[in-house]
Amino acid sequence: MEAAGRKVMFITTRETLITNGILRKIAAEGKEPYYVYNKDQLAAQSLENHCAVVYHLGDDVKELGELHAKLDELCARSGKKVICIGTQEQYHVFLEDFAQVRVAAFFERPLNMDRFLKCVIEGQDTANQRKRILIVDDDASYRQLVREWLKDKYDISMANGGTQAITVLSAKTCDLVLLDYEMPIVPGPQVMEMIRSMPQTENIPIVFLTGKDDEMSIRRVLELHPAGYLLKTVSEADLLKKVEDVLAAT
């Protein structure tokens, strides 16, 4: 008989080298992970003797409403919460069928293995103890640079424009938005207006990222009354300090 409190249910519809690697990492921590592939297998399980439930979201997430409903039912009955791994888009689709209150943590790919394992082992929402920052910029390389600077201290989400930013914020609350001022299609000021128009996001502080340092451009930024602005030439140290100062003031 498997030891109570050591079992880890790992839900996925497809076993891969990546998922096998994650299970090996969990097992190395003294836990007993096992796969669940579909709704029928899920329905046969009892979650009460599990230390964690992990759901590895895939591209087929839109087709799994029945599985999500069954998982929601089991979690409501047992009091367990689910640790999710996936993309922002996949997570947003999942929450159409599953109550967000029963999510312990969401880990965006690429997976931060140390934080993930700590969450599994301690059974705590370790990701949610960190402040959450959304980076909105159409420049993928700059988004990734800022993420690398912040990811060790904060829970980072990213969006490539206004529409994706609103999707992310609808699925996951954030403590700060770093917003590119000069974006095509939907520029930063319009994205700010969209964020401030929604009751659940209207009070999130917004710091503009801008590549223009002339006096007129800076004046236009400040007229919108953001929580701050940063030139894109900012150093890592100065960015971190600005983020800390803005979060401390909220």
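The model shown is predicted, which means the values in this text are computed figures rather than measured ones.

Cut-offs and rules
- Going along each chain's sequence as written, the residues are numbered from 1 onward.
- Only residues with pLDDT of at least 70 are given local features in this predicted model, and only at 80 or more are side-chain atom pairs given and counted; all residues enter the totals for whole chains, interfaces and linings.
- Side-chain figures throughout are based on the complete set of non-hydrogen atoms in the structure, without hydrogens or water.
- Counting from the N terminus, the helices are the DSSP runs of H or I reaching at least four residues and the strands are the DSSP runs of E reaching at least two.
- Between any two strands, at least two bridges found by DSSP are needed for them to pair.
- Between N-to-C directions, angles span 0 to 180 degrees; the directions come from axes that are lines fitted to C-alpha atoms, helices contributing only their stretch in contact.
- Confidence scores per residue from the predictor, reported as pLDDT, run from 0 to 100.
- Each residue's exposure class comes from its accessible area (1.4 Å probe, protein chains only) as a fraction of the maximum for that residue type: buried when under 20%, exposed when over 50%, partly exposed otherwise.
- Consider the strands pointing away from the viewer: the crossover is right-handed when the path from the first strand over the helix to the second runs clockwise.
- The criterion for an aromatic pair is that two Phe, Tyr or Trp rings (for Trp, the six-membered ring) have centres within 6.5 Å, with stacked assigned to planes under 30 degrees apart, edge-to-face to planes over 60 apart and tilted to the rest.
- In this scheme, the term charge over a ring applies when either NZ of a lysine or CZ of an arginine sits within 6 Å of the ring centre and within 35 degrees of the ring normal.
- Basic side-chain nitrogens of Lys or Arg form a salt bridge, by our definition, when they fall within 4 Å of a carboxyl oxygen of Asp or Glu.
- The cut-offs work like this: below 35 degrees is roughly parallel, past 145 is roughly antiparallel, 65 to 115 is roughly perpendicular, and the gaps in between are oblique.
- The contact criterion used throughout is that any non-hydrogen atoms of two residues lie within 4.5 Å.
- Gly falls in the polar group here, along with every residue not listed as nonpolar (Ala, Val, Leu, Ile, Met, Phe, Trp, Tyr, Cys, Pro) or charged (Asp, Glu, Lys, Arg).

(A) Quick peek at unusual backbone geometry. Along the chain, Arg 109 connects to Pro 110 via a cis peptide bond; the corresponding omega equals 0 degrees. Here Ile 185, not a glycine, exhibits a phi torsion of approximately 70 degrees, which is positive. Topologically, Ile 185 is positioned in the loop between strand 8 (176-180) and helix 8 (188-196).

(B) Inspection of the sheet that holds strand 6 (residues 132-136) at higher detail. One open sheet accounts for 5 strands, arranged 7-6-8-9-10; its pairing is parallel. With one partner strand each, in any of the chains shown, strand 7 (155-159) and strand 10 (228-231) form the two edges of the open sheet. Between one strand axis and the next, the sheet turns through 20 degrees on average, direction left out of account. By the bridge criterion, 4 bridges tie strand 8 to strand 9 (residues 206-210) in an arrangement that is parallel. In the sheet register, Asp 180 faces strand 9, and the bridge partner there is Leu 209.

(C) Region of interest: the confidence of the model for the protein. In this model, the protein carries an average pLDDT of 87, and 95% of its residues clear a pLDDT of 70 or more. By mean pLDDT, helix 9 (residues 215-222) is the weakest element of the protein at 75, and helix 1 (residues 17-28) is the strongest at 97.

(D) Layout of the pairing of strand 8. Counted residue by residue, strand 8 has 5 buried out of 5 residues, so it is predominantly covered. Alternating positions in strand 8 separate into two faces, Leu 176, Leu 178 and Asp 180 on one and Val 177 and Leu 179 on the other, with burial throughout. Here strand 6 runs beside strand 8; their pairing, made up of 4 bridges, is parallel. Of the residues in strand 8, the one forming a bridge with Val 136 is Leu 179. A crossover connection joins strand 8 to the parallel strand 9 through helix 8; in handedness this β-α-β unit is right-handed.

(E) Broad picture of the packing of aromatic side chains. Throughout the structure, instances matching the rule amount to 7 aromatic pairs. Both rings, one in Phe 94 and one in Phe 98, keep their centres 4.7 Å apart while their planes meet at 20 degrees; by these two values the pair is stacked. The interplanar angle of 90 degrees and the centroid separation of 5.7 Å between the aromatic rings of Phe 107 and Phe 116 together place this pair among those described as edge-to-face. As far as burial versus exposure is concerned, Phe 107 and Phe 116 are alike and both buried. Through a chain of ring-to-ring contacts, the aromatic side chains of Phe 10, Tyr 35 and Tyr 37 assemble into a single cluster. The cationic tip of Lys 232 hangs over the ring face of Tyr 142; the distance from NZ or CZ to the ring centre is 4.9 Å.

(F) Looking closely at the pattern of salt bridges. One pass over the full model with this rule turns up 13 salt bridges. Linking Glu 244 and Lys 153 is a salt bridge whose minimum nitrogen-to-oxygen distance equals 2.8 Å. Here Glu 244, found in helix 10 (residues 236-249), pairs with Lys 153, found in the loop between helix 6 (140-150) and strand 7; they are 91 residues apart in sequence, far enough to count as distant. Linked through salt bridges whose partners overlap, the residues forming this network are Lys 70, Glu 73 and Arg 77.

(G) Here's a closer look at the packing of helix 6 against helix 10. Viewed as axis vectors pointing N to C, helix 6 and helix 10 meet at an angle of 70 degrees, and their least axial separation amounts to 10 Å. One finds that helix 6 runs roughly perpendicular with respect to helix 10. Judged by residue contacts, Val 146, Trp 149 and Leu 150 of helix 6 engage Glu 236, Leu 239, Leu 240 and Val 243 from helix 10. Residue composition of the contact of helix 6 with helix 10, by class: 6 nonpolar, no polar and 1 charged.

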